[in-house]
Protein chains: 2
Amino acid sequence: MESHLQIQQVITGPEARMMIRQGNWRKPTAGLVPGFVQANLVVLPRELAYDFLLFAQRNPKPCPVIEVTDTGSPEPKLSAPGADLRTDIPRYRIYQDGKLAQEVTDLLGVWRPDLVAFLLGCSFSFETALLRAGVPVRHIEEGKNVPMFISSIACAPAGAFAGPLVLTMRPIPAPLVTKTVQVSGRFPAVHGAPVQVGDPAAIGIRDLGKPDFGDPVTIRPGEVPVFWACGVTPQAVAMQSKPPLMITHAPGHMFITDLRDESLAAY
Amino acid sequence: MESHLQIQQVITGPEARMMIRQGNWRKPTAGLVPGFVQANLVVLPRELAYDFLLFAQRNPKPCPVIEVTDTGSPEPKLSAPGADLRTDIPRYRIYQDGKLAQEVTDLLGVWRPDLVAFLLGCSFSFETALLRAGVPVRHIEEGKNVPMFISSIACAPAGAFAGPLVLTMRPIPAPLVTKTVQVSGRFPAVHGAPVQVGDPAAIGIRDLGKPDFGDPVTIRPGEVPVFWACGVTPQAVAMQSKPPLMITHAPGHMFITDLRDESLAAY
C-alpha cells in the first residue's frame, strides 16, 4: 500500500486534470492522486441553484458543499484555480427533464451562461483516512462499488428538492467502530461521521445483501454495519425535481481538486 | 457565576421567546437562557437570498448558517419550531437602501411573502464554552461590548456581496491560547477557531485600543490578542450592496433557538 502511494504521488492535481483535459485518462479516478480531495459534480440552471444550495445547507451530511462556481463560470476558483469543469472530468452525464440523455467526455458544446456548478465532497477522502488508521474498507478489498441503500430517513426539504437520504454501508469489526467514528468524523466536508451504527432495520434497510445501488459486500462474523450519508442523495433528489437540464460526473469519474484531504479536517 | 447560571436555567428557550413575544423582555439577550444557542438575524428579499447564501457558503467563519427559513415563512422550523421571527426578538433594525430607517419591536407590519430569514451563529456559545473551560473573557469581565476591527482580510465575494472580514479580539493569557483554540474550535457553527493569533499588524489592525466597533478592553502583560471572525461581517457586507430592504436584530438583541450549545459541537 505505502509503496503504491509513493509512486502515485508523483502526479499532482493540476497534472492529473491536464491529462484528463487532453483525453489521456477516461477511466474512474479512484486512486489517482491519492491525498487530494475528489468531488462530485452537479450542474444546474441558476433558477434552481438557490433551492439546491438551500437543500445542501439543510442536509450537510449527504451534501457537503466544497465549492459553488459563479453563475456561468466553469472555473472552481477556490478549490482548483485554473481548472475548467467543462473539460477536466473524464466523463459526464447529461440529464434532460430528469432522464439520462447522454454521456459525454466534455461539456464544451453544452455549457451555458446560466449554469452553476456545485462540487460536493466524496467519500474517497475519508476512506483514505480509514485505511491509514488501520480500518479495513471492504468494497475496496473486494474490488467492488460501495453498497448504497435508500433509507427511510427523509432529507429536510428545500423548495423544489425533497427525498430520502441514501446511505453507504461499510462493515466494520466491532473493536474498530469507535476509531471509525473518530477518523471519519474529522472530515465533515466529505460526509463526516456515520449517520447510524448497527441497526439497519431502524432506518428502513431490510436486506444488507441487496443494496439499491452498487454491489453487496461480505459481512464477516463480529462485524457491525456502519452507515454514512451518500453523495448519490443530492443527485437523486435533484433528478426527482426533473430540471430541464442537469449535468453530473459519470459515477466514479470525479473532479480532482487542489485541496489536500487533511486540509478538510475539522480538528 | 454558577449560582447565577442555575437560577437562569429555570427558563427554557420557548419560554424566553414567549416572554419576548408578549413584550415582557426588551433588553439584550446575553445571559438569558444560558446553554442555548442564540443567533444573529438577517432578513433579505428572495432576489438577494441566493447571493447571500453563497456568500455564507464561501465564508463560513464569519457567516455560520444555523438556518434559512422557507421564502415568506417567519418560522425557523429546524432550530425553533413554533417560533415566529416577526415577534420573538426584543428589537429589530430596518434598513432601506443600506441605511438604518427605523428600530422596531416587531415585524408584523413589514413582513412580506418574498422575505427570507437567515439565522447566523453568534459568539455567545463559544464564550460560554471558554468560561466553562477556565478561559477568561475580558469584555464580559469588564461589562463591555466585544472590541471589533475591520481587518485587511477580504471575504471571498459572491454576486452582489463583497467586503472585508470583521474580527473580534479577546486578550488571552499566553498559557491558555492552546486551550482557547481547542475549545472555540469545537464550535464551527458559531465562528469556531480563531482566524489569527498574536499578530494584529499582519491583518491590518494598527491600534488594539481603537476598535472600529464595540469597546476597547484591557490587555494585560503576558496576554496575546486572539482574533475571531465576527457576525457583524455579513451584515456590514450585505449593507454595502444597499438592498432595498434588509432587516436585522438590534445589536445584542438576539434570537434564542431551541438548540443547545453542545449540540453544535463538531467533536
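The structure reproduced in this document is the subject of the present report. Since we're looking at a predicted model, the values are computed, not measured. (Residues numbered from 1 in each chain as written. Chains lettered and ligands numbered in written order. Predicted model: local features only at pLDDT ≥ 70, side-chain atom pairs only at ≥ 80, totals over all residues. Heavy atoms only, no water.)

Some words on the overall build of chain A
Working step 1: Regarding its fold elements, chain A presents seven helices and eleven strands.
Working step 2: By its C-alpha atoms, chain A is 55 × 45 × 35 Å across when sized along the principal axes.
Working step 3: By the burial criterion, 53% of the 267 residues in chain A qualify as buried.
Working step 4: Taking all contacts inside chain A whose residues are at least 6 apart in sequence as the whole, residues at least 24 apart take part in 77%.
Working step 5: Taken as a whole, chain A presents about 10,800 Å² of accessible surface, with 55% of it coming from carbon and sulfur. (Helix = DSSP H or I, 4+ residues; strand = E, 2+ residues; numbered from the N terminus. Buried < 20%, exposed > 50% of the residue type's maximum accessible area, 1.4 Å probe, protein only. Contact = heavy atoms within 4.5 Å. Areas by Shrake-Rupley, 256 points an atom, 1.4 Å probe, with all protein chains shown as cover.)

A look at the relation of the copies chain B and chain A
Both copies of the chain are related by a screw-like operation: a rotation about an axis and a shift along it.
Working step 1: With an RMSD of 0.0 Å, the fit of chain B onto chain A corresponds to turning through 180° and sliding 0.0 Å along the axis. Taken together, the turn and the small shift mark the pair as related by a two-fold rotation axis. Among all residues of chain B, the minimum C-alpha distance to the rotation axis is found for B:Y50, at 2.6 Å.
Working step 2: Both copies contact each other with a shared surface, as 100% of the interface residues of chain B are interface residues in chain A too. (Least-squares fit on C-alpha atoms with pLDDT ≥ 70 in both.)

Side note on unusual backbone geometry
Working step 1: Even without glycine at this site, A:K242 takes up a positive phi of about 50°.
Working step 2: Mapped onto the fold, A:K242 is located in the loop between α7 (232-240) and β10 (245-249).
Working step 3: The phi torsion at B:D97 lies on the positive side, around 50°, for a residue other than glycine.
Working step 4: Inspection of the secondary structure assignment puts B:D97 in the loop between β3 (92-96) and β4 (99-104).

Describing the packing of aromatic side chains
All names here are of chain A.
Working step 1: Under the definition given, this model contains six aromatic pairs over all chains.
Working step 2: Arranged with centres 5.1 Å apart and planes meeting at 25°, the rings of F126 and W228 form a pair that is stacked. A residue pair is termed long-range when its members are at least 10 positions apart, and F126 in helix α4 (residues 124-132) and W228 in strand β9 (residues 223-229) qualify at 102 residues. Here F126 and W228 have matching classes, each one buried.
Working step 3: Linked through ring pairs, F52, F118 and F161 together constitute an aromatic cluster.
Working step 4: Its end group placed over the ring of W25, K27 keeps NZ or CZ at 4.2 Å from the ring centre. (Phe/Tyr/Trp six-rings, centres within 6.5 Å; stacked < 30°, edge-to-face > 60°. Lys NZ or Arg CZ within 6 Å of the ring centre and 35° of its normal.)

Remarks on the environment of B:D215
All names here are of chain B.
Working step 1: Mapped onto the fold, D215 is located in the loop between β8 (196-197) and β9 (223-229).
Working step 2: Along the chain, D215 and H139 lie 76 residues apart, while their C-alpha atoms are 8.2 Å from each other.
Working step 3: Those residues in contact with D215 that lie beyond four places of it in its chain are K144, N145, V146 and P147.
Working step 4: A polar contact is formed between the side chain of D215 and the backbone nitrogen of N145, at a distance of 2.7 Å. (Polar contact = N/O pair within 3.5 Å; in protein donor to acceptor, adjacent residues only side chain to side chain.)

Brief notes about the sheet that holds β8(B)
Residue and element names in this part refer to chain B.
Working step 1: The sheet built from four strands is open, its strands ordered β6-β7-β9-β8 with antiparallel pairing. If you trace the sheet from one side to the other, it starts and ends with β6 (148-154) and β8, each paired once.
Working step 2: Where β8 lies against β9, two bridges are found, and the strand directions are antiparallel. Pairing of Q196 across the sheet is with F227, part of β9.
Working step 3: Across the sheet, helix α7 (residues 232-240) is in contact with β6 and β7 (164-173); its angle to β7 comes to roughly 160°. (Pairing = 2+ DSSP bridges. Axes fitted to C-alpha atoms, helices over the stretch in contact; angles between N-to-C directions.)

Quick word on the interface of chain B and chain A
Working step 1: Across the contact, 18 residues belong to chain B and 18 residues belong to chain A.
Working step 2: Taking both partners together, chain B and chain A bury about 1,600 Å²; carbon and sulfur atoms supply 57% of that area.
Working step 3: Broken down residue by residue, the surface that chain B buries against chain A is led by B:Y50, B:Q57 and B:R58, which jointly contribute 38%.
Working step 4: Where chain B packs against chain A, one counts two salt bridges.
Working step 5: For the side of chain B that touches chain A, the element with the highest residue contribution is helix α3 (residues 46-58) of chain B, accounting for seven residues. (Buried area = accessible area lost by both parts, 1.4 Å probe. Salt bridge = Lys/Arg side-chain N within 4 Å of Asp/Glu carboxyl O.)

Observations regarding the side chain of B:Q235
Residues and elements named next belong to chain B.
Working step 1: Inspection of the secondary structure assignment puts Q235 in helix α7.
Working step 2: On the basis of relative accessible area, Q235 is assigned to the buried category, the value being 13%.
Working step 3: If near-sequence neighbours (up to four positions away) are discounted, Q235 is found in contact with L41, V42, M246, T248 and H249.

Notes on the environment of B:T257
Residue and element names in this part refer to chain B.
Working step 1: Considering the arrangement of structural elements, one finds T257 in strand β11 (residues 255-260).
Working step 2: The spatial distance from the C-alpha of T257 to the C-alpha of A16 is 9.7 Å, given a sequence separation of 241 residues.
Working step 3: A distance of 2.8 Å separates the side chain of T257 from the backbone oxygen of V37, its partner in a polar contact.

Some remarks on the sheet that holds strand β7 (residues 164-173) of chain A
All names here are of chain A.
Working step 1: Taken in spatial order, the four strands make up an open sheet running β6-β7-β9-β8, and their pairing is antiparallel. Two strands close off the open sheet at either side, each with one partner strand: β6 (148-154) and β8 (196-197).
Working step 2: Helix-sheet contacts for α7 involve β6 and β7, and the interaxial angle to β7 is about 160°.

Let's talk about α3(B)
All names here are of chain B.
Working step 1: The end-to-end C-alpha distance of α3, which contains 13 residues, comes to 19 Å, matching closely the 18 Å that a straight helix rising 1.5 Å per residue would cover.
Working step 2: Most of α3 is tucked away: eleven of the 13 residues are buried.
Working step 3: Buried within α3 are the following residues: L48, A49, Y50, D51, F52, L53, L54, F55, A56, Q57 and R58. (Expected span 1.5 Å × (residues − 1).)

Here's the deal with the pattern of salt bridges
Working step 1: In the structure shown here, the tally under the stated rule is 28 salt bridges over all chains.
Working step 2: As a salt-bridge pair, B:R170 and B:E127 come within 2.8 Å of each other at their nearest N and O atoms. In this pair, B:R170 sits in strand β7 while B:E127 sits in helix α4 (residues 124-132), placing the two residues 43 residues apart along the sequence.
Working step 3: With a relative accessible area of 1%, B:R170 lands in the buried category.
Working step 4: For B:E127, a relative accessible area of 5% translates into the label buried.
Working step 5: Close ionic contact of B:R186 with B:E262 constitutes a salt bridge, the shortest N to O distance being 3.1 Å. You can see B:R186 sitting in the loop between α6 (177-185) and β8 and its partner B:E262 sitting in the segment after β11, a full 76 residues away along the chain.
Working step 6: Three or more residues are tied together by salt bridges with common partners; here these are A:R138, A:E141, A:R220 and A:E223.

So, to be careful, I would describe these as geometric facts and stop short of saying anything about function.
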